[in-house]
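Remarks on the overall topology
Listed below are the residues making up each chain.
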Amino acid sequence: MIIPPDLEEIATVGTDAKAIELPKYVGSTYDAASRTVTAEFSFTNPFDSDLVLNSVSADVECSAHVIPLGHAELTNPLEVRAGTTATIVIVFTWTQTAENHFLTAHQNADSIDIVLVNLGLDVSGIDIETPENINLTVPLAQ
Amino acid sequence: MVLLVVAISLFTPWWQLIAGENLVRANVSPIYTNFDFMGLAFTIPLLLALNISTMILMIAGGIAVLIYSLRPSASYSEQLLSFGYKKPLYSLVLFTIGLFAMTLIVGYVLGISIPLIGSTRVVLPTEFTQGTTVSVPIAAGFGLPYLLTIASSTLCIAARLFHRKIALIQKTSTDKTAPIVTTPPVA
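Residues numbered from 1 in each chain as written. Chains lettered and ligands numbered in written order. Predicted model: local features only at pLDDT ≥ 70, side-chain atom pairs only at ≥ 80, totals over all residues. Heavy atoms only, no water.

1. Section: the overall build of chain A
Threshold: Helix numbers and strand numbers start at the N terminus; a helix is a DSSP run of H or I with at least 4 residues, a strand a run of E with at least 2. Note on definitions: a residue-residue contact is assigned when non-hydrogen atoms from the two residues lie within 4.5 Å. Calculation of accessible area relied on Shrake-Rupley with a 1.4 Å probe; when residues are assessed, cover is drawn exclusively from the protein chains displayed.
Scanning chain A from terminus to terminus reveals two helices and nine strands. Reading the secondary structure of chain A in the N-to-C direction produces α-β-β-β-β-β-β-α-β-β-β. Relative to all contacts within chain A whose residues are 6 or more apart in sequence, the contacts with residues 24 or more apart total 61%. For chain A, the computed accessible surface area is about 8,500 Å², with 55% contributed by carbon and sulfur atoms.

Here is the structure:
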């Protein structure tokens, strides 16, 4: 079958894992008073068109004990220009239950393994809901 | 009008489909078809060849009708009209059938319902998304050149239907305006 080179390029962009890199964790700050962790990720838009990240949301669970810890979401919609890198700011709000869980089950831990479930994205109007869970290790402030 | 349709069609599609917020765009017309996938614009060589062929035929048809309209009673006018009036009509009918067939085929093969007019939200089959639910807003609609083609096709058919009447009227008016040669009175 003869495939035009333009279509081949499109197929490559759509399937090549190197073309789209997952956001990289940059760092985080926390505010005990408001029970929030503000995490920053850097994301590079590999495409020739701008992307608008309208929403990102996920429920956060303790990986070891499968206890819901709270909810994380994008603070503001973000436009990532073609070929540029932008910082995605995600705010995680933990619950009182999570705080109690930290004190009882992870009292002297330096970090906690969390899992992001019910991950949902809205990228340029396209809604993506993945059944896959994302595992992260988050450092705990003592 | 056919020539106007060709000129406008080079810049404005007959039918346009947009997925997401301008993430994927299909500009479809018998004159010029192109696609834009996340900023990567491309055409399909086969479609490009068909587009060029259609454009040449439409231009030829438009010129034929234009020449016909100047001298509808001329001996060659009927042949010009017979050649020219079909071109926009055939383009319109074939384009509409092709578009309709394309949406049906996509719906049948991929299980995606693409609207010809209006907007909807399409959930991609999970076989293609590895279990992830991907919902894409899709908006589609016909553009001004499509409506102009309908108008020009109607006018071309009207010209064909009323050709004899038009030719007769023009011939009569030509006869009336012809100079009457009078002979000088005999002394």
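That shown, we press on.
2. Quick word on the layout of surface pockets
Residues and elements named next belong to chain B. We count it as follows: We place a 1 Å grid over just the protein atoms. Points where a 1.4 Å probe fits but has no way out form a cavity, open points with protein on both sides within 12 Å along at least 5 of 7 lines form a pocket, and any residue with an atom within 4 Å of a point lines it. Grid points are joined across faces, edges and corners, and a volume is the space filled by probe spheres set on the points. Here the nonpolar group is Ala, Val, Leu, Ile, Met, Phe, Trp, Tyr, Cys and Pro; Asp, Glu, Lys and Arg are the charged ones; every other residue, Gly included, is treated as polar.
Roughly 520 Å³ of volume is contained in the second largest pocket. What lines the second largest pocket is a set of 19 residues, among which Pro30, Leu50, Thr54, Leu94 and Phe95 lie closest to the centre. Among the elements of the structure, α2 (45–70) and α4 (86–110) are those that each provide at least two residues to the lining of the second largest pocket. The residue inventory of the lining of the second largest pocket, partitioned by class, reads twelve nonpolar, six polar and one charged.

3. Structural notes on the environment of B:Thr12
Keep this limit in mind: Burial classes follow relative accessibility: with a 1.4 Å probe on protein chains only, a residue under 20% of its type's maximum area counts as buried, one over 50% as exposed, and anything between as partly exposed.
Turning to its location among the elements, B:Thr12 is positioned in the loop between α1 (2–9) and β1 (15–19). We classify B:Thr12 as partly exposed; its relative accessible area is 32%.

4. Examining a nonpolar patch on the surface
Residue and element names in this part refer to chain B. Heads up, the rule is: Nonpolar side chains (Val, Leu, Ile, Met, Phe, Trp, Tyr) within 5 Å and like charges within 9 Å form the patches, drawn only from residues with over 30% relative accessible area and no salt bridge. When a carboxyl oxygen of Asp or Glu lies within 4 Å of a side-chain nitrogen of Lys or Arg, that pair is called a salt bridge.
Residues Leu3, Ile59, Ile63, Leu66, Ile67 and Tyr76 make up a contiguous nonpolar surface patch of about 480 Å² in total accessible area. With four residues, the single largest contributor to the nonpolar patch is α2. Along the chain, the position of isoleucine 59 falls in helix α2. Taking relative accessible area as the criterion, isoleucine 59 reaches 33% and is therefore assigned partly exposed.

5. Observations concerning the pattern of salt bridges
All names here are of chain A. Counted under the stated rule, the structure contains four salt bridges over all chains. Between arginine 35 and glutamate 99 there is a salt bridge; the shortest N-O distance is 3.2 Å. On the criterion of sequence distance, the pair formed by arginine 35 in the loop between β1 (24–31) and β2 (36–44) and glutamate 99 in helix α2 (residues 96–105) is long-range, its members being 64 residues apart. Here arginine 35 falls in the partly exposed class, since its relative accessible area comes to 28%. In this structure glutamate 99 comes out as partly exposed when scored by relative accessible area, which is 28%. With its nearest N and O atoms 3.0 Å apart, the salt bridge here joins aspartate 50 to arginine 81. Residue aspartate 50 is located in the loop between β2 and β3 (51–62), and its partner arginine 81 is located in the loop between β5 (78–80) and β6 (85–94); the two are separated by 31 residues in the primary sequence. Note on arginine 81: relative accessible area 49%, which makes it partly exposed.

6. Section: the side chain of A:Thr130
Note the cut-off: Contacts described as polar in this section are N or O atom pairs within 3.5 Å, which, within protein, must combine one atom able to donate a hydrogen with one able to accept it, while residues neighboring in sequence count only if both atoms come from side chains.
Here A:Thr130 lies in strand β8 (residues 126–130). Residue A:Thr130 is classed as buried on the basis of its relative accessible area of 19%. Separated by 3.0 Å, the side chain of A:Thr130 and the backbone nitrogen of A:Glu132 make a polar contact. Dropping the residues within four chain positions of it, A:Thr130 is found in contact with A:Leu119 and B:Thr132.

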